[in-house]
Amino acid sequence: QSHPMESNQKASGDGLAGTQKEAALRALMQRTGYQLQQENGQRRYGGPPPDWDGPPPERGSEIFVGKLPRDLFEDELVPLCEKFGKIYEVRMMMDFNGNNRGYAFVTFSTKLEAKAAMKQLNNYEIRNGRLLGVCASVDNCRLFVGGIPKTKKREEILSEMKKVTDGVMDVIVYPSAADKSKNRGFAFVEYESHRAAAMARRKLLPGRIQLWGHAIAVDWAEPEVEVDEDTMASVKILYVRNLMLQTTEETIEKEFNSLRPGAVERVKKIRDYAFVHFTQREDAINAMNALNGKVVDGSPIEVTLAKPVDKDSYVRYTRGTGGRGGSLLQTDYAAYTLGQVQVLQEAVIPKYLLVLDELCQKNNWGQPVYQLHSAIGPDQRQLFLYKITIPALATQYPNVHPFTPAKLCAAVEEAKVHAAEHTLQTLGLQTEGAADASCATAAAVASVAFPGM
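As annotated in an unreviewed UniProt entry, the protein chain carries the name APOBEC1 complementation factor and is attributed to Dicentrarchus labrax. The annotation that UniProt attaches to the protein chain under Subunit (unreviewed entry) is "Part of the apolipoprotein B mRNA editing complex with APOBEC1. Interacts with TNPO2; TNPO2 may be responsible for transport of A1CF into the nucleus. Interacts with SYNCRIP. Interacts with CELF2/CUGBP2. Interacts with RBM47."

Structure, rendered in structure tokens:
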């Protein structure tokens, strides 16, 4: 059943003829017995290896290797990865000129091998002054859908999403901070598989499908940041969400001290969520188990362990675009001095927000959706970042969406203003020379994400 063209290719050698480093790649195949296969936009090594029997490796065995020099190929990457275990597969993303696109996915035989490789290869100097950026690769099954009318309930959103896409498993909706009877204008939709989510995204992206007559913005949701067990095993901070705006830090402290008086070290509340710091980990775990789901001031709270962010990369974005893990932007915020927070004059604050609102209204782009992300910095301080989604633009400029500033702020309000300002600047670029600018902006985003690229 093989296509005549394909068998022809095999004879000339699996599409490797004339590629860069052809001799080195053939020598690698000779040594390992693995096959190299070129397929739409990527080159696959192994998957499965020659002597593999049984199902593919367990979930969590794949790593993302970013910041690759563009002229580096499997002949260099494979020997480096082999040190950590048996390679099941390497998928290298390729461009039309035969260079790599700066990243690859490497699947090991076990989760343990992947974990070891991740630890050792992140920030590994592969060439003079060129450090790799390596992290877990995640099968993304979740989409972010913005621009949903705020009056819609979870059940309505679930049944609407099931009508327009296949494979919907669940919908996650967060109540608005100010009015718990409303949603925040966006939802996360969970699909049965990465493939189902990718098909749904493809169907919703062109913007032809409206929900309740509203334009919607669709993108990959950020997967949960996977923090390794060793780090999580020492966390003594709880993350509490879905609080009422009027609930005070004193009330929260009293609730979380109820199991063992004096257990709480301090509480930091931000809008409708809070971080509760404990002196002892054991008290944190007990409080989490006892208080998750408890109704405080009329609202059921959600309590989980806070995920500390790795000092090298505060925020990581995994998009399910290329293959399973996607084009990942790992922005190294350590490069920005977090101490020098500009204090904005009160008068400036609403300006950018108002301008952005007016701009969206004037162009019928739909209400901008602000999504707050937060992280705990290396010095245990709370840092904030807003992402902004503009429903009508998400489909036009998917590569710069959601608008994500490259700086974490120490104050929520400042982060919001900064995000609005960043969005306006990006749009300023785009209104002058729309198509070129979206490329220019994407390039700017990439250079922030991968310095030296």
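Caption draft 1: Representation of the sheet that holds strand S4 (residues 87-94). Here six strands make up an open sheet; going across it, the order is S1-S2-S4-S5-S3-S8 and the pairing antiparallel. Unpaired on one side and paired on the other, strand S1 (36-39) and strand S8 (133-136) mark the two borders of the sheet. The average undirected angle you get between the axes of adjacent strands in this sheet is 20°. Two strands pair when backbone bridges link them, and strand S3 (residues 62-66) and S8 are joined in this way by four bridges, in the antiparallel orientation. The residue of S8 that forms the bridge with Val65 is Val134. Packed on one face of the sheet, helix H3 (residues 74-82) meets S1, strand S2 (42-46), S3, S4 and strand S5 (100-108) and runs near 145° to S4.

Caption draft 2: Fine view of helix H9 (residues 281-291). Residues of H9 that are buried: Asp283, Ala284, Ala287, Met288 and Leu291. Seen from one end, H9 has its buried residues packed into an arc of 135°, which puts them on one side. Residues Glu282 and Asn289 are exposed on H9 and point more than 90 degrees away from its buried face. In this structure, the buried side of H9 is in contact with strand S13 (237-241), helix H8 (249-257), strand S15 (273-278) and strand S18 (302-305). Within two residues after H9, Gly293 carries a phi angle of roughly 90°, on the positive side.

Caption draft 3: Quick look at the sheet that holds S18. Spatial strand order, S14-S15-S13-S18: four strands in an open sheet with antiparallel pairing. Single-partner strands in this sheet number two, and they are strand S14 (264-270) and S18. Averaged over neighbouring strand pairs, the angle between their axes works out to 20° when direction is ignored. With six bridges joining them, S14 and S15 adopt antiparallel strand pairing. The partner of Ile270 across the bridge, within S15, is Tyr273.

Caption draft 4: Layout of the packing of aromatic side chains. In total, this model carries 14 aromatic pairs according to the counting rule given. Look at Phe186 and Phe188: their rings are 5.7 Å apart centre to centre, the planes differ by 75°, and that puts the pair in the edge-to-face class. Taking the relative accessible area as the measure of exposure, Phe186 reaches 5% and is therefore buried. For Phe188, a relative accessible area of 11% translates into the label buried. In this arrangement the basic side chain of Lys416 is found over the ring face of Tyr370, its NZ or CZ atom lying 4.8 Å from the centre.

Caption draft 5: Structural detail: the nonpolar core. By size, the foremost hydrophobic cluster in this structure holds 46 residues, and its most contacted members are Leu238, Phe256, Val276, Phe278, Leu356 and Ile390. Element by element, the count of residues in this core is highest for helix H12 (residues 412-432), at six residues. Excluding anything up to four places from it in sequence, Val276 contacts Lys236, Ile237, Leu238, Val240, Ile252, Phe256, Val264, Arg266 and Val267. Core analysis: the second largest hydrophobic core is formed by 30 residues, Leu16, Leu77, Val106 and Ala114 among them.

Caption draft 6: View of the pairing of S5. Summarising burial for S5: eight of the nine residues are buried, a large majority. By the bridge criterion, six bridges tie S4 to S5 in an arrangement that is antiparallel. The residue of S5 that forms the bridge with Met94 is Asn100. In this structure, the hairpin formed by S4 and S5 is closed by a connection of five residues, where Gly98 is found at a positive phi of approximately 85°.

So, how was this worked out
Residues numbered from 1 in each chain as written. Predicted model: local features only at pLDDT ≥ 70, side-chain atom pairs only at ≥ 80, totals over all residues. Heavy atoms only, no water. UniProt positions renumbered as here; feature names shortened; annotations may be inferred. Pairing = 2+ DSSP bridges. Helix = DSSP H or I, 4+ residues; strand = E, 2+ residues; numbered from the N terminus. Axes fitted to C-alpha atoms, helices over the stretch in contact; angles between N-to-C directions. Contact = heavy atoms within 4.5 Å. Buried < 20%, exposed > 50% of the residue type's maximum accessible area, 1.4 Å probe, protein only. Arc of directions from axis to C-beta. Phe/Tyr/Trp six-rings, centres within 6.5 Å; stacked < 30°, edge-to-face > 60°. Lys NZ or Arg CZ within 6 Å of the ring centre and 35° of its normal. Core = buried A, V, L, I, M, F, W, Y, C linked by side-chain atoms within 4.5 Å.

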